[in-house]
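In case you want the letters, here they are:
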Amino acid sequence: MTQDEKYMQRCLQLAELGFGSVAPNPMVGCVIVHNGKIIGEGYHMKYGEAHAEVNAINSVENKELLKESTLYVNLEPCAHYGKTPPCANLISEKKLQR
């Protein structure tokens, strides 16, 4: 298993934590990795609340590391305004490396 596959597998594990509470949205998990170490994780916990990417970014203690980090997520980040603002905008704003 490659490193990318390992982190994507973790995204899927996190996503399952949203089972039963995010419908009609999909279950989504997100992992943020810096120099081979997971520094942030999140998942979509409840319909209408923050998405996985937002929760993962918020969980990172040292936000300066985001610019040198990779974000893994099991679903393309949203780019529209709905109950929450677009995750794509936040990811771009934080300037994640990959």
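Here we summarise the structure given alongside this text. Quick caveat, the model's predicted, so the values are computed rather than measured.

### Section: the sheet that holds strand 1 (residues 29–34)
Next, step 1: The three strands are arranged 2-1-3 in an open sheet whose pairing can be described as antiparallel. The open sheet has two free edges, formed respectively by strand 2 (37–43) and strand 3 (70–73), since each of these has just one partner strand. In this sheet, neighbouring strand axes are inclined to one another by 20 degrees on average, regardless of whether the strands run parallel or antiparallel.
Next, step 2: By the bridge criterion, four bridges tie strand 1 to strand 3 in an arrangement that is antiparallel. By the bridge assignment, V33 is partnered in strand 3 with T70.
Next, step 3: Packing against the sheet, helix 2 (residues 52–59) makes contact with strand 1, strand 2 and strand 3, and its axis sits at approximately 140 degrees to strand 2.

### Quick word on the pairing of strand 2
Next, step 1: Bridge analysis of strand 1 against strand 2 gives six bridges, and the strand direction is antiparallel. Across the sheet, V33 pairs through a bridge with I38, a residue of strand 2.
Next, step 2: In sequence, strand 1 turns back onto strand 2 through a hairpin of two residues, with N35 there showing a positive phi of about 50 degrees.

### Quick notes on the packing of helix 2 against helix 3 (residues 87–94)
Next, step 1: For the pair helix 2 and helix 3, the least separation of the axes is 9 Å and the interaxial angle reads 30 degrees. Taken together, the axes of helix 2 and helix 3 are roughly parallel relative to one another. The hand of the helix 2/helix 3 crossing is left-handed. Within the contact between the two elements, helix 2 uses E53, V54 and I57 and helix 3 uses C87, L90, I91 and K94.
Next, step 2: Taken together, the residues that form the contact of helix 2 with helix 3 break down as five nonpolar, no polar and two charged.

### Description of the nonpolar core
Next, step 1: Counting residues in each nonpolar core, the largest one holds 14 residues, and the members touching the most others are C30, I32, I57, L66, L71 and L96.
Next, step 2: When contributions to this core are tallied by element, the ones reaching two or more residues are strand 1, helix 2, strand 3 and helix 3.
Next, step 3: In terms of residue count, helix 2 provides more of this core than any other element does, three residues in total.
Next, step 4: Ignoring sequence-local partners within four residues, the contact set of L96 consists of I32, I57, L66, S69, T70, L71 and I91.
Next, step 5: Counting residues in hydrophobic clusters, the runner-up holds seven residues, among them C11, L14, V33 and Y72.

Scoring rules and cut-offs
- Residues numbered from 1 in each chain as written.
- Predicted model: local features only at pLDDT ≥ 70, side-chain atom pairs only at ≥ 80, totals over all residues.
- Heavy atoms only, no water.
- Pairing = 2+ DSSP bridges.
- Helix = DSSP H or I, 4+ residues; strand = E, 2+ residues; numbered from the N terminus.
- Axes fitted to C-alpha atoms, helices over the stretch in contact; angles between N-to-C directions.
- Contact = heavy atoms within 4.5 Å.
- Parallel < 35°, antiparallel > 145°, perpendicular 65-115°, else oblique.
- Left-handed = near helix turned anticlockwise from the far one by under 90°.
- Nonpolar A, V, L, I, M, F, W, Y, C, P; charged D, E, K, R; others polar.
- Core = buried A, V, L, I, M, F, W, Y, C linked by side-chain atoms within 4.5 Å.
- Buried < 20%, exposed > 50% of the residue type's maximum accessible area, 1.4 Å probe, protein only.

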